[in-house]
Amino acid sequence: MWPCGPGVNRKRAMARKKNRVDLDRDNGIAPGLVAKTKKRLVVASGRSHPELAHEVARHLGTELAPTEHRTFASGEIYTRFEVSIRGCDVFVVQSFGPPVNEWLMELLIMLDALKRASAKRITVVAPYYPYSRQDKKGRGREPISARLIADLLKTAGADRIMSVDLHAAQIQGFFDGPVDHLFAKPVLLEHFEQGLTGEDRETLTVVSPDMGRVRVADTWSDSLGAPLAIIHKRRDPKVANQVSVHEIVGDVKGRTCLLVDDMIDTGGTIQKAAQALKASGARKVIVAATHAIFSDPATERLQDPAIDEVVVTDTVPLPAERRFDRLTVLPIAPLLARAIHEVFEDGSVTSMFGGDA
């Protein structure tokens, strides 16, 4: 008769475990346990841009995690996830149109809630990174606020950041963790490849609105097979949003000029650049930008007769009162959804952009 009982069963289990550990070591694998659980992708959203978050979730084939958001009479913000988040790979979508500081605080509170709810990994999907223009010290006694934002996100519980067209590439180094820097260029480029007329293509010149965007404009020039022109401008460091255009480097006479930039805030740079191009004989001026901040009086400035068309993406919510006839808004959700899928599946985000990301 075979021996039986709890003691015998325990010995058999220990023997099986020892054999498995020995086999792991023989194959060069660290000994451990194999869990039966599977990864679960969860998309959550703050209140800054719910339309974008819903579109991202739809393209991923899921729904947003049920979340309770409240703002008390005192202005304090409360967030609670209504379902279990334990062990989930959570992607929090929060963009940063006005009021920026309120949405930032809401995001930090959401991250804290997710961390305390035992989420396995938390990725902040911030299509527009807040305070990105404060990426360095221009004068003494100034802050580097973009770095501060990265520190706040990390402390609150973020493991990873995903953003589109950072104002300065070095912001990736501010965060102590992986940063997925996405580019809206493929989305915008597809629009122009399909929408430009034959005459526009023949006379196309890509224009950088300042020296800081030359590298980006150069990649556009290569992609479209068009010459490059550069506008030299100077800002008054003591007066915000004041720009004076100096001169244009390159031939724009009789050309269709494509002005490319990462964002449009008050529109002063773009308006003066377009006026300078038209004054130099440009046939048409088309503006392409990723982030449509559109602070007052941007809408009025962008309707200047010198500007023939404005094309942006919806990384930032754009209310109806800030839209106008010559404005085209392209969806960024498919790009974000694909990047989220690559991160979740341990794929390659870089491959989405030909190795440039």
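Since we're looking at a predicted model, the values are computed, not measured. (Residues numbered from 1 in each chain as written. Predicted model: local features only at pLDDT ≥ 70, side-chain atom pairs only at ≥ 80, totals over all residues. Heavy atoms only, no water.)

**Describing helix H4 (residues 145-156)**
Threshold: Runs of E in the DSSP output that reach at least two residues are strands. Runs of H or I that reach at least four are helices, and both are numbered from the N terminus. Every helix has an expected span of 1.5 Å times one less than the residues it contains. The buried label applies to any residue whose accessible area, calculated with a 1.4 Å probe on protein chains only, is under 20% of its type's maximum; exposed applies above 50%, and partly exposed to all values in between. Within this analysis, the arc is defined by the directions that extend from the helix axis to the C-beta atoms. For this analysis, residues touch if any pair of their heavy atoms sits within 4.5 Å.
With twelve residues, H4 extends 16 Å from end C-alpha to end C-alpha; this agrees with the ideal 16 Å at 1.5 Å per step. Considered for burial, the residues of H4 that qualify are Ser-145, Ala-146, Ile-149, Ala-150, Leu-153 and Ala-156. Buried positions in H4, seen along its axis, are confined to an arc of 150° and lie on one side of it. Contact partners of the buried residues in H4: helix H3 (100-116) and strand S6 (160-164). Positive backbone phi, at 135°, marks Gly-157, one or two positions downstream of H4.

**Description of the pattern of salt bridges**
Pairing of side chains with opposite charge becomes possible as their charged atoms draw close. Going by this rule: The term salt bridge refers to a pairing of a side-chain nitrogen on Lys or Arg with a carboxyl oxygen on Asp or Glu at a separation within 4 Å.
Throughout the structure, instances matching the rule amount to 18 salt bridges. A salt bridge links Asp-151 to Arg-147; the nearest nitrogen and oxygen atoms lie 3.0 Å apart. Taken together, the residues Asp-151 and Arg-147, both in helix H4 and four residues apart, mark about one turn of the helix. Salt-bridge contacts for Arg-283 lead to Glu-199; the nearest nitrogen and oxygen are separated by 3.3 Å. Of this pair, Arg-283 sits in the loop between helix H8 (268-279) and strand S12 (284-292) while Glu-199 sits in helix H6 (residues 198-202), and the two are 84 residues apart along the sequence. Residue Glu-199 is classed as partly exposed on the basis of its relative accessible area of 45%. One salt-bridge network, held together by shared partners, links Glu-199, Asp-200, Arg-283 and Lys-284.

**Observations concerning the packing of H3 against H4**
Axis angle and axis distance: for two packed helices, these are the angle between their axes and the distance between the axes, and together they describe the pair. For clarity, the cut-off: Axes here mean lines fitted to C-alpha atoms, for a helix over just the part in contact, with angles spanning 0 to 180 degrees between N-to-C directions. Roughly parallel here means an angle under 35 degrees, roughly antiparallel means over 145, roughly perpendicular means 65 to 115, and every remaining angle is called oblique. Residues are grouped as follows: Ala, Val, Leu, Ile, Met, Phe, Trp, Tyr, Cys and Pro are nonpolar; Asp, Glu, Lys and Arg are charged; all remaining types, including Gly, are polar.
At a closest axis distance of 8 Å, the pairing of H3 and H4 adopts a crossing angle of 30°. Between H3 and H4, the angle is such that the two are roughly parallel. Touching Leu-104, Leu-107, Leu-108, Leu-111, Asp-112 and Lys-115 of H3 are Ile-149, Leu-152, Leu-153, Thr-155 and Ala-156, all from H4. Grouping the constituent residues of the contact of H3 with H4 by class yields eight nonpolar, one polar and two charged.

**What to know about the environment of Pro-50**
Within the secondary structure layout, Pro-50 lies in helix H2 (residues 50-60). Separated by 43 residues in sequence, Pro-50 and Val-93 place their C-alpha atoms 8.5 Å apart.

**Some words on the nonpolar core**
For soluble globular proteins, nonpolar side chains are generally found buried alongside one another. Applied cut-off: Here the nonpolar core consists of buried residues drawn from Ala, Val, Leu, Ile, Met, Phe, Trp, Tyr and Cys, with membership extended through side-chain atoms lying within 4.5 Å.
Grouped together as the largest cluster of nonpolar side chains are 43 residues, with contacts concentrated most on Leu-182, Phe-192, Trp-220, Leu-224, Leu-258 and Leu-336. Top contributing element to this core by residue count: helix H10 (residues 333-344), with eight residues. Excluding anything up to four places from it in sequence, Leu-182 contacts Met-162, Ser-163, Val-164, Asp-165, Leu-335, Leu-336, Ala-339, Val-349 and Phe-353. Grouped together as the second largest cluster of nonpolar side chains are 38 residues, Cys-88, Tyr-129, Ala-146 and Phe-175 included.

**Focus: the side chain of Thr-299**
Rules: In protein, a polar contact means a hydrogen-donor-capable atom and an acceptor-capable atom, both N or O and within 3.5 Å, with residues adjacent in sequence counting only if both atoms are side-chain atoms; elsewhere, any N or O pair within 3.5 Å suffices.
Within the element layout of this structure, Thr-299 appears in helix H9 (residues 298-302). At a separation of 3.5 Å, a polar atom in the side chain of Thr-299 contacts the main-chain carbonyl oxygen of Arg-322. Sequence-distant contacts of Thr-299, defined by excluding residues within four places in its chain, comprise Glu-321, Arg-322 and Phe-324.

**Here's the deal with the sheet that holds strand S4 (residues 89-93)**
Whether parallel or antiparallel, the strands of a sheet pair through hydrogen bonds between backbone atoms. Threshold: Strand pairing is assigned whenever DSSP identifies at least 2 bridges connecting the two strands.
Taken in spatial order, the five strands make up an open sheet running S1-S4-S5-S6-S7, and their pairing is parallel. Two strands close off the open sheet at either side, each with one partner strand: strand S1 (41-45) and strand S7 (179-182). Direction aside, neighbouring strands of the sheet carry axes that sit 20° apart on average. Where S1 and S4 come together, five bridges link them in parallel fashion.

**Some words on the side chain of Gln-271**
Residue position: Gln-271 is located in helix H8. Here Gln-271 falls in the buried class, since its relative accessible area comes to 18%. At 3.1 Å, the side chain of Gln-271 forms a polar contact with the side chain of Asp-304. What Gln-271 contacts, discounting residues up to four positions off in sequence, is Arg-301, Asp-304 and Ile-307.

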